[in-house]
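Letter by letter, the chains look like this.
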Amino acid sequence: MNKKIKYFIYISAIALYAFIGIYSTNYVTDWITSEYFDTLGDKAIDIAKITLNKYHITNDEVSELMSLSFADSLEHPANKRFMKLFEGREFSRDFKYAYIISKLKPEQVKYYVTVENSELFEADPDTPLDIIWLVDAVINQGEYEEDYYDDINRYTHLRTSEEIKVYEERKQKCVFTRDEYGNAITGYVPIYTTENDFLGMVGIDINFDRFEKNARMVRFSFILIFMLPTILLTLFFILVYFENRLDLRQETNTDPLTSLYNRRYLNNCMPLIVKSHCKNQSNLSVIMLDIDFFKKYNDNYGHQKGDEVLIRICAAISSALRSANDIACRYGGEEVILILKNTNLSGATYVAERIKNTIHGLAIEHKYSDVSDIITVSQGIYSAIPLRADKKTEEQFIAYADKALYEAKNSGRNKYIVYTE
């Protein structure tokens, strides 16, 4: 064979080899990046929704905050309340900031983009900085650097059409944001004042720089070392990705306060459980549980003490379950729902009795309860064999347990009631 032809074949093979390595690398890392983005976005929105449920602000406080400098706003009670929500909580190390942004009226605008900072804000000079960070909390990033943050750092503008759309539509959504503070996945949830006026968006930022850096390094490695090493490294990267995704899904499915499963997990697993029990014609039992007069407890002992009690109660509920097959989910504020697989009514009442006795054994003082001087719970039970595997059946199990709980609360509390047709 002619040498020129041989060289052409070798070079073509090398070029094809390199092309396959580069193409597969880019395809895999882009796919993983997209999947990772979705997982982080769901997590950011979940944290924003939890924050929204625990934080309230008045119109007067909003007016006060808008009139303050950055340094003074950090000392305002509304900002301190917001920061307190994140103190002592464990978050993934990539969580950066939590905040509320609000859009200024034209007459409230104080700063505009200048020639000097136009690159920083990625906008033309004279663009109004019409978005204010109303309250702000730093997560996993240490304290604010006093020499760096001045008043103008409190203002920005919506840079992309996606951000503008989120604000205008007032719907929860995650977006990729790139600003002077770095790259982040941001989860937005709309917030209203206690007077029900639209205030802006609760934002949770999750750092994306570390993952992007890792992705670039992997791409570079794949391009330098071809086929076999590329495949091995790709497999390793995928294994690491799925391990991280598994951890993130565990966080996404778990209530951060009580460590029970959350409502998202319940919504995902309930169809599978009902389908399985319908197919096997086995009993499924649901217990809906509520702490008696818990609002009075919070009002008189304080919400921090209430959170501590809720953690203890949920730990007691978990300890009273029979095995890992029993699922405990935080359904609402102090409501817990138990899904007892392959369990008839006798087994469900046994669990309910164990929970009642376990919580009584804690003897947590509750002077403001109308039924006891210690914390008690009311429970509603529904047990049946699912006849159909559909949405209506799933809702029926929960609704009937809820009706039984309502009856238990109306008939004196500190008891459990079984739902009957």
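No experiment lies behind these values; they were computed from the predicted model shown. (Residues numbered from 1 in each chain as written. Predicted model: local features only at pLDDT ≥ 70, side-chain atom pairs only at ≥ 80, totals over all residues. Heavy atoms only, no water.)

A. Representation of the overall build of the chain within the structure. Counting its secondary structure elements, the chain contains 13 helices and eleven strands. Relative to its 421 residues, the chain shows a buried fraction of 46%. Pairs at least 24 residues apart make up 70% of the contacts formed inside the chain by residues separated by at least 6 positions. Here the chain displays about 22500 Å² of accessible surface, and carbon together with sulfur accounts for 54% of that area. (Helix = DSSP H or I, 4+ residues; strand = E, 2+ residues; numbered from the N terminus. Buried < 20%, exposed > 50% of the residue type's maximum accessible area, 1.4 Å probe, protein only. Contact = heavy atoms within 4.5 Å. Areas by Shrake-Rupley, 256 points an atom, 1.4 Å probe, with all protein chains shown as cover.)

B. Region of the structure containing the pairing of strand β1 (residues 95–103). Most of β1 is tucked away: eight of the nine residues are buried. The sheet contact formed by β1 and strand β2 (residues 131–138) spans seven bridges and is antiparallel. Across the sheet, I100 pairs through a bridge with V135, a residue of β2. (Pairing = 2+ DSSP bridges.)

C. Inspection of the layout of surface pockets at higher detail. Of the voids in this model, the largest pocket is the one considered here, and its volume is about 1300 Å³. When contributions to the lining of the largest pocket are tallied by element, the ones reaching two or more residues are α1 (3–54), α4 (77–84), α8 (227–252), α9 (263–280), α10 (294–301) and α11 (303–320). At seven residues, α1 tops the list of elements feeding residues into the lining of the largest pocket. (1 Å grid on protein atoms, 1.4 Å probe; cavity = no way out; pocket = protein on both sides within 12 Å on 5 of 7 lines; lining within 4 Å. Points joined across faces, edges and corners; volume = space filled by probe spheres on them.)

D. Representation of the nonpolar core within the structure. Y55, I57, F82, F86, I100, L134 and I204 are the most contacted members of the largest nonpolar core, which has 39 residues in total. Ranked by the residues each element gives to this core, the list is headed by α1, at six residues. When near neighbours in sequence (up to four residues on either side) are disregarded, Y55 contacts A78, N79, R81, F82, L85, I100, V135 and I191. Grouped together as the second largest cluster of nonpolar side chains are 28 residues, L289, I291, Y297 and I359 included. (Core = buried A, V, L, I, M, F, W, Y, C linked by side-chain atoms within 4.5 Å.)

E. Molecular detail of helix α13 (residues 391–410). Helix length check: α13, at 20 residues, gives a terminal C-alpha distance of 28 Å against a target of 28 Å (1.5 Å per residue), a fit within 8%. Residues T393, E394, F397, I398, Y400, A401, A404, L405 and A408 constitute the buried set of α13. Considered in projection along α13, the buried side chains sweep an arc of 155° and stay on one side of the axis. Turned more than 90 degrees away from the buried face of α13, the exposed residues are K391, K392, Y406 and N410. Each element contacted by the buried residues of α13 is listed here: α9, β7 (284–291), β9 (335–340), β10 (377–384) and β11 (416–418). (Expected span 1.5 Å × (residues − 1). Arc of directions from axis to C-beta.)

Geometric descriptors of this kind do not, in isolation, establish any biological role.
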